[in-house]
Amino acid sequence: MTASVDSELRGPIRTRFTDLFGVRHPIVQGGMQWVGRAELVAAVAEAGGLGMITALTQPTPEALAAEIDRCRQLTDRPFGVNVTVLPSIAPPPYAEYRAVIVESGVPVVETAGSSPAEHMDDFKRAGIKVLHKCTSVRHALTAQRLGVDAVSIDGFECAGHPGEDDVPGLILVPAAADALTIPFVASGGFADGRGLVAALALGADGVNMGTRFLCTREAPVHRRIKERIVAADELDTELIFRPLRNTARVASNGVSREVVEILSAGGTFEDVRALVAGARGRRVYELGDPEFGIWSVGLSQGLVRDIPTVRELVDRIVGEAADIVRGRLAALLTG
């Protein structure tokens, strides 16, 4: 029996998150710069999860509208759009991106970075559900007060920006469960059915995965990068920008190690600007050269051992989770 058929027979795992967002499985593919494109997002949606197009991967609001249309041609299931708001000298036209999202009728938005406050009125008027990414319980509580529908709690294990508190998921997730009343998903370090069961046991309503989806056949990333993730382990990341209190977890390579060395020696952002340029990171995914620039990956790469299709991955995770709950965990109570 194939993994896909097996998982269908077991049935979905129903949580507050699946009920609220209208998806089959409590699995989210969050926003990933340069990677959250239609082919990956549609594959996640078709597999029963919730995928997110990354708005700022698209160079203009018009390009985002076209990418949403392209995704709709690939799936009729729910998907969302990620909008990451970060301080910038020359910020992108967020209001125009927001207008495109509203006009497109996308049912879900994942906000990240700064507070979603300035976007909430427009999204809520349009009936869009908002999932906000947080790295601390205090930020999650603020988002809850602002009226978001759910939050994603990112532990220290995650790729990208884990915040400055360095709290891992084993502590952060149950702390969030104790404090929040709205549904939330756990992010950072999740890659398989064991992680999904653990997240649910700790009080989350699902999991959000980036690195694991990065290493699937549909991810628009050069295969050599995916093979690098499979070959790597949980030790092969670097935390850059820590002296600047803007910590980011990225793949360990010559560039990221040089950035760490420069900043640790008292360097400033201007001293590493050329090394961390986003254009270089984008070329990593296009060229398949993992040493070309900075690129994000989480500790969960230590659990990534193959490059499946998205459908195979989601079915495997759900099947593993069901087996753990109905098998090993149930046996512990009956022995």
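Anything mentioned here points back to the structure above.
I will try to describe carefully the structure that is included in this document. These numbers come from a predicted model, not from an experiment.

### Considerations on the nonpolar core
Alright, step 1. Judged by nonpolar contacts, the single largest core of 72 residues is most densely connected at L64, V81, V151, F213 and Y285.
Alright, step 2. With residues up to four places along the chain from it excluded, the contact list for Y285 reads Q33, W34, V35, L214, V221, H222, I225, W295 and S296.
Alright, step 3. Formed by 11 residues, the second largest nonpolar core is a distinct cluster that contains F241, V255, V272 and V276.

### Some points on the side chain of T237
Alright, step 1. Turning to its location among the elements, T237 is positioned in strand β9 (residues 237–240).
Alright, step 2. By relative accessible area, T237 is classed as buried at 11%.
Alright, step 3. Reaching out from T237, the side chain makes a polar contact with the side chain of R249 at a distance of 3.0 Å.

### Points about the packing of helix α9 (residues 193–202) against helix α15 (residues 310–334)
To characterise two packed helices, one gives the angle between the axes of the helices and the distance between these axes.
Alright, step 1. Between α9 and α15, whose axes approach to 7 Å, the crossing angle comes to 65°. Where α9 crosses over α15, the two elements pack in a sense that is right-handed. Taken together, the residues of α15 that come into contact with α9 (itself represented by G193, R194, L196 and V197) are I317, E320, A321, I324, V325 and L329.

### Remarks on the packing of aromatic side chains
Alright, step 1. Under the counting rule described, the total for this entry stands at three aromatic pairs.
Alright, step 2. Sitting over the ring of F156, R249 keeps its end group 4.9 Å from the ring centre.
Alright, step 3. Its guanidinium or amino end placed over the ring of F292, R280 lies 5.8 Å from that ring's centre, counting from NZ or CZ.

### Some details on the pattern of salt bridges
Alright, step 1. Summed over the entire model, instances satisfying the criterion amount to 19 salt bridges.
Alright, step 2. Taking the shortest distance from any N to any O, the salt bridge between R223 and E227 comes out at 3.1 Å. Highlighted residues: R223 and E227, both in helix α11 (residues 223–231), separated by four residues, approximately one helical turn.
Alright, step 3. Between E286 and R282 there is a salt bridge; the shortest N-O distance is 3.2 Å.

### Examining unusual backbone geometry
Alright, step 1. Within the chain, F241 stands out as a residue other than glycine whose phi angle is a positive 70°.
Alright, step 2. For F241, the location among the structural elements is in the loop between β9 and β10 (248–251).
Alright, step 3. Residue F241 is classed as buried on the basis of its relative accessible area of 11%.
Alright, step 4. The residue R245 is not glycine, and still its phi comes out positive at about 55°.
Alright, step 5. Within the secondary structure, R245 is located in the loop between β9 and β10.
Alright, step 6. Residue R245 is classed as exposed on the basis of its relative accessible area, which comes to 59%.

### A look at the sheet that holds strand β3 (residues 80–85)
Alright, step 1. The eight strands lie next to each other as β1-β2-β3-β4-β5-β6-β7-β8, forming a closed barrel whose pairing is parallel. Strand-to-strand, the axes of this sheet are offset by a mean angle of 25°, without reference to chain direction.
Alright, step 2. Note: strand β1 (residues 27–29) against strand β8 (residues 207–209), three bridges, orientation parallel. Note on β8: the bridge partner recorded for Q29 is M209.

### A few points about the packing of helix α3 (residues 38–46) against helix α4 (residues 61–74)
Alright, step 1. It is at 9 Å that the axes of α3 and α4 come closest, and there the two elements cross at 40°. The pairing of α3 with α4 is recorded here as oblique in orientation. Handedness of the crossing formed by α3 with α4: right-handed. Of the residues in α4, those touching α3 at A38, E39, V41, A42 and E46 are E67, R70, C71 and L74.
Alright, step 2. Looking at the contact of α3 with α4 residue by residue, the class counts come to five nonpolar, no polar and four charged.

### Points about the environment of L20
Alright, step 1. Along the polypeptide, L20 turns up in helix α2 (residues 16–21).
Alright, step 2. Classification of L20 by relative accessible area gives partly exposed; the value is 27%.
Alright, step 3. Once the C-alpha coordinates of L20 and L180 are considered, the two residues, 160 residues apart in sequence, prove to be 16 Å apart.
Alright, step 4. The contacts of L20, once residues within four sequence positions are left out, are K129, D149, A150 and P183.

### A short note on the pairing of β3
Alright, step 1. Across the six residues that make up β3, a large majority, five, are buried.
Alright, step 2. In the classification by handedness, the crossover that spans strand β2 (residues 50–54), the intervening α4 and the parallel β3 is right-handed.
Alright, step 3. As paired strands, β3 and strand β4 (residues 108–113) are joined by six bridges and run parallel to one another. Within the sheet, the bridge partner assigned to N82 lies in β4 and is E110.
Alright, step 4. Handedness of the crossover is the feature at issue here: the chain leaves β3, passes through helix α5 (residues 94–104), returns alongside β4, and the resulting connection is right-handed.

### Overview of the pairing of β2
Alright, step 1. Among the five residues that make up β2, five are buried, leaving the element largely enclosed by the rest of the structure.
Alright, step 2. Inspection of the sheet shows β1 paired to β2 by two bridges, in the parallel sense. The residue of β2 that forms the bridge with Q29 is G51.
Alright, step 3. Once the chain exits β1 it traverses α3 before rejoining the sheet at β2, and the crossover so formed is right-handed.
Alright, step 4. Relative to β3, β2 runs parallel, the two being bridged by three bridges. Among the inter-strand pairings, M52 is bridged to a residue of β3, identified as G80.

Cut-offs and rules
- Residues numbered from 1 in each chain as written.
- Predicted model: local features only at pLDDT ≥ 70, side-chain atom pairs only at ≥ 80, totals over all residues.
- Heavy atoms only, no water.
- Core = buried A, V, L, I, M, F, W, Y, C linked by side-chain atoms within 4.5 Å.
- Buried < 20%, exposed > 50% of the residue type's maximum accessible area, 1.4 Å probe, protein only.
- Contact = heavy atoms within 4.5 Å.
- Helix = DSSP H or I, 4+ residues; strand = E, 2+ residues; numbered from the N terminus.
- Polar contact = N/O pair within 3.5 Å; in protein donor to acceptor, adjacent residues only side chain to side chain.
- Axes fitted to C-alpha atoms, helices over the stretch in contact; angles between N-to-C directions.
- Left-handed = near helix turned anticlockwise from the far one by under 90°.
- Phe/Tyr/Trp six-rings, centres within 6.5 Å; stacked < 30°, edge-to-face > 60°.
- Lys NZ or Arg CZ within 6 Å of the ring centre and 35° of its normal.
- Salt bridge = Lys/Arg side-chain N within 4 Å of Asp/Glu carboxyl O.
- Pairing = 2+ DSSP bridges.
- Parallel < 35°, antiparallel > 145°, perpendicular 65-115°, else oblique.
- Nonpolar A, V, L, I, M, F, W, Y, C, P; charged D, E, K, R; others polar.
- Right-handed = clockwise from strand over helix to strand, strands pointing away.

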